[in-house]
Amino acid sequence: MNSGINRQFRLKTRPIGDIKESNFEYREEPIPSPKDGEVLVRTIYLSLDPTNRIWMSDIPQYMAAVEIGQVMRGVVIGVVEESKNPNFQPRDLVSGMLGWQDYALAEGNSGSSITRLPHPLPAPLTAFTGPLGATGCTAYFGLLDIGQPKAGETVVVSAASGAVGSVVGQIAKIRGCRVVGITGSDEKCHWLLDELGFDAAINYKTADLETALAQSCPNGIDVYFDNVGGSILDAVLTRVNLHARIPLCGLISTYNATEPVPGPLNYSQILMKRVRVEGFIILDYLPRWSEAIGEIGQWLNEGKIKYALEIVEGLENAPSAILKLFDGNKKGKLVVKVSDEPT
């Protein structure tokens, strides 16, 4: 029997508008013990992602909403502490949707399932929260499967300094494209240009977006990787080329809206330019993740892909840290470090 405390954050109330720390309830429970077929996982890193806001809402979505009183959902990188499942051994590093807590029980085959990370690790463990995890796979499949960029084409990425957008832009450069990133500060623009090799970067908070896009995309836009929706999508639609492709990954500009958000004002351009717009959820690509991770891992080792992490120390800070996703106060992947990596 395990002794000790398992700290948890549970969903207390559904947010109206912006997420508030008061939407979460802190609890302390005994650390559970695994039954036959189960493993006990200690959380090392907790991923914070814009989709957390969707899960907190009682709206139609791609999976069930988190119920009031449930442990807040979240993707975790952790280590097996105790196993009663023959497929897992203590000290195995794993990933899974195990929630905002210190410890979780998981099954290796169904239910609250986990995936073993490779041993030895081909990159630092933190890379599996970003380019070698869900956000990297999102960038890879959204751009290459749906966007289908060709050498010489112009690719525009919104939320370009985020965990997904920054990888999208670098993959597009590897594919020989002109890449334009849209982000929210001059500092982030410099990072995209100087560190990641984007061809142009636009600060949407200070620039006239339509004018800036016309200057940065003199040959129009062939692929727009959309993470935000809203007015940025409208501006992009004024510059799309014939048969442009728009992988729709996220609508973060609308997630905290308290009133219905109208569709794109320039919707007619989708018809006039025969644009293909396709929404996707990365869970649809789970059977192919190894394909993405293998190629991204090679690019990482070759120095062709760089990534930024913002690591917040301590599970107790998760409810305040998640606000960084929506106020623009972060660069790259946002992660909470819950406990130390095994030595």
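Before reading further, recall that the structure is shown in the block above.
Residues numbered from 1 in each chain as written. Predicted model: local features only at pLDDT ≥ 70, side-chain atom pairs only at ≥ 80, totals over all residues. Heavy atoms only, no water.

**Here's the deal with unusual backbone geometry**
Part 1 of the reasoning: The omega torsion across H119 and P120 is 0°, close enough to zero to call that bond cis.
Part 2 of the reasoning: By the element assignment, P120 lies in the loop between β7 (114-116) and α2 (134-147).
Part 3 of the reasoning: Phi is positive for R91, which is not a glycine, with a value near 85°.
Part 4 of the reasoning: Locating R91 in the fold gives a position in the loop between β4 (75-83) and β5 (93-97).
Part 5 of the reasoning: A relative accessible area of 53% places R91 in the exposed class.
Part 6 of the reasoning: Despite not being glycine, A159 shows a phi value in the positive range, around 50°.
Part 7 of the reasoning: Assignment of secondary structure puts A159 in the loop between β8 (154-157) and α3 (163-174). (Helix = DSSP H or I, 4+ residues; strand = E, 2+ residues; numbered from the N terminus. Buried < 20%, exposed > 50% of the residue type's maximum accessible area, 1.4 Å probe, protein only.)

**Considering the sheet that holds strand β9 (residues 178-183)**
Part 1 of the reasoning: Taken together, the six strands give an open sheet; going across it, the order is β10-β9-β8-β11-β12-β13, and neighbouring strands pair in parallel fashion. Two strands close off the open sheet at either side, each with one partner strand: β10 (200-203) and β13 (276-279). Within the sheet, the average angular offset between the axes of one strand and its neighbour, ignoring direction, is 15°.
Part 2 of the reasoning: Pairing between strand β11 (residues 221-225) and strand β12 (residues 240-248): two bridges, direction parallel. By the bridge assignment for β12, I221 is matched with V240.
Part 3 of the reasoning: Contacting β8, β9 and β11, α3 runs over the sheet at an angle of about 170° to β8.
Part 4 of the reasoning: Along the sheet face, helix α4 (residues 186-195) touches β9 and β10 and points at about 170° away from the line of β10. (Pairing = 2+ DSSP bridges. Axes fitted to C-alpha atoms, helices over the stretch in contact; angles between N-to-C directions. Contact = heavy atoms within 4.5 Å.)

**Some thoughts on the pairing of β12**
For a regular strand, the rule is simple: side chains alternate between the two faces of the sheet.
Part 1 of the reasoning: Note on the crossover from β11 through helix α6 (residues 230-237) to β12: the handedness is right-handed.
Part 2 of the reasoning: Across four bridges, β12 lies against β13 in parallel orientation. Each bridged residue has a counterpart across the sheet, and for P247 the counterpart in β13 is E278. (Right-handed = clockwise from strand over helix to strand, strands pointing away.)

**Thoughts on the pattern of salt bridges**
Part 1 of the reasoning: The tally for this structure, following the rule as stated, stands at 17 salt bridges.
Part 2 of the reasoning: Linking R116 and D92 is a salt bridge whose minimum nitrogen-to-oxygen distance equals 3.2 Å. Remark: D92 occurs in the loop between β4 and β5 and R116 occurs in strand β7; sequence separation between them is 24 residues.
Part 3 of the reasoning: Assessed through its relative accessible area of 16%, D92 is described here as buried.
Part 4 of the reasoning: When the shortest N-O distance is used, the salt bridge between K304 and E302 registers 3.3 Å.
Part 5 of the reasoning: Owing to a relative accessible area of 44%, K304 belongs among the partly exposed residues under this scheme.
Part 6 of the reasoning: Where salt bridges share partners, they join R10, E25, R27 and E29 into one cluster. (Salt bridge = Lys/Arg side-chain N within 4 Å of Asp/Glu carboxyl O.)

**What to know about the nonpolar core**
Part 1 of the reasoning: In this structure, Y140, F141, L143, I171 and I296 are the most contacted members of the largest nonpolar core, which totals 45 residues.
Part 2 of the reasoning: Where this core is concerned, the elements lending two or more residues are β3 (38-47), β4, α2, β8, α3, α4, β11 and α8 (289-301).
Part 3 of the reasoning: With seven residues, α2 is the single largest residue contributor to this core.
Part 4 of the reasoning: In this view, I296 contacts P131, L132, G136, C137, Y140 and I305; residues no more than four positions away in its chain are not counted. (Core = buried A, V, L, I, M, F, W, Y, C linked by side-chain atoms within 4.5 Å.)

**Quick notes on the packing of helix α5 (residues 209-216) against α6**
Part 1 of the reasoning: Contact pair α5 / α6: the axes reach a minimum separation of 9 Å and the direction vectors enclose 45°. In terms of orientation, α5 lies oblique with respect to α6. Here α5 and α6 pass one another in a crossing that is right-handed. Residue-level inspection shows L209, E210 and L213 of α5 in contact with α6, the latter providing I232, A235 and V236. (Parallel < 35°, antiparallel > 145°, perpendicular 65-115°, else oblique. Left-handed = near helix turned anticlockwise from the far one by under 90°.)

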